[in-house]
Amino acid sequence: MTRWVQTFVAAQAAELDAAQNTQLAYARDLADFADWLADKGLHFDTATQDHVESYLIDCDAQGLARATRARRLSAIRQLYRFAFEEGWRTDNPAIRIKGPGKSRSLPKTLTVDEVGRLLQAARDTGPDATRNTCLMELLYATGMRVTELVSLPVSAARGDPRMLLVLGKGGKERLVPLSPPARMAVRDWLQVWDAEQDARRAQGKPVSKFLFPARGKAGHMTRQRFFTLIKELAATAGLAHTDVTPHTMRHAFATHLLAGGADLRAIQIMLGHADVATTEIYTHVLDEALSELVLNHHPLAQAGKTT
């Protein structure tokens, strides 16, 4: 079964340019299913629809979130579709199984004031203040995913750009505009970056190609380090650190834009969502704004206030 998973994941990487995080998620989910089958003396090539359904029931009994169960079923479906195309199986036992669906609960977000406090906390972080301010300003100005942010090439920030070229999921590129504060933060950080890299060059060390370099294998700040950093900034800002993540800032970017009158389609493009349906979760902001509009401006609502 290990060979099945490895071959499938390699094909996803080669044919669909699946991101590394996506490949790892496929491998984890399918390894869990493989272990479940092995415990019952089964294999991928002998599992039936009933077996897949029983596995999902077990996942539910373990208390796994609905989104996790939906993702695992999706991985199993795609594995068996690949197996059918390769001739390993003559059917797809998961194709008729209805998934649990994903929760459409509203994402946690931050107010404009809370974002302001986070940005101020970044400016007050001592020696790393210039870098941290650049990270936070870029995150709030663009709504980038954290992986997109920490892996930005320094070449993308050269020349005081008004638009930033971002490499998203599946190798898809998109342009996002930069706000004046973000552009200023980038300019300030590049001065520090150039001085640091000049010192490395003088010592005979290689110069980084990343805007936020680090000593690790990836060559740039990791997602985990940035996750820790934003928690530290939240604590400094007096915010509940459990409510603040890089994704929370992404939600704040979209929510604040929509509340300010931005077009949903434009926000979809800037977030890098393949389908506008994914972006529509933010329309709760429009619902609130429309309710307030009616209550404050409809003639009958106004008449009700005076009676």
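Criteria and cut-off values
- Residues numbered from 1 in each chain as written.
- Predicted model: local features only at pLDDT ≥ 70, side-chain atom pairs only at ≥ 80, totals over all residues.
- Heavy atoms only, no water.
- Patch = residues over 30% accessible without salt bridge, like charges linked within 9 Å, V, L, I, M, F, W, Y side chains within 5 Å.
- Areas by Shrake-Rupley, 256 points an atom, 1.4 Å probe, with all protein chains shown as cover.
- Salt bridge = Lys/Arg side-chain N within 4 Å of Asp/Glu carboxyl O.
- Helix = DSSP H or I, 4+ residues; strand = E, 2+ residues; numbered from the N terminus.
- Expected span 1.5 Å × (residues − 1).
- Buried < 20%, exposed > 50% of the residue type's maximum accessible area, 1.4 Å probe, protein only.
- Arc of directions from axis to C-beta.
- Contact = heavy atoms within 4.5 Å.
- Polar contact = N/O pair within 3.5 Å; in protein donor to acceptor, adjacent residues only side chain to side chain.

Regarding a nonpolar patch on the surface
1) Next: Taken together, the side chains of Met163, Leu165 and Leu175 make up a nonpolar region of the molecular surface, amounting to roughly 260 Å² of accessible area.
2) Next: With respect to the element layout, leucine 165 can be found in strand 1 (residues 163-167).

Looking at helix 3 (residues 49-61)
1) Next: With 13 residues, helix 3 extends 18 Å from end C-alpha to end C-alpha; this agrees with the ideal 18 Å at 1.5 Å per step.
2) Next: Buried residues of helix 3: Val52, Tyr55, Leu56 and Cys59, and no others. End-on, the buried residues of helix 3 take up no more than an arc of 95°, which puts them together on one face. Opposite the buried face of helix 3, by more than 90 degrees, sit the exposed residues Asp50, Ile57 and Ala61.
3) Next: Contacts from the buried residues of helix 3 go to helix 2 (20-39) and helix 4 (66-86).
4) Next: Downstream of helix 3 by a residue or two, glycine 63 has a phi angle that is positive, lying close to 85°.

Quick notes on the side chain of threonine 133
1) Next: Tracing the chain through its elements places threonine 133 in helix 6 (residues 129-142).
2) Next: A distance of 2.7 Å separates a polar side-chain atom of threonine 133 from the backbone oxygen of alanine 129.

Quick word on the side chain of glutamine 78
1) Next: Assignment of secondary structure puts glutamine 78 in helix 4.
2) Next: The buried category is assigned to glutamine 78, whose relative accessible area is 17%.
3) Next: With near-sequence residues (within four places) excluded, glutamine 78 lies in contact with Phe8, Gln12 and Tyr26.

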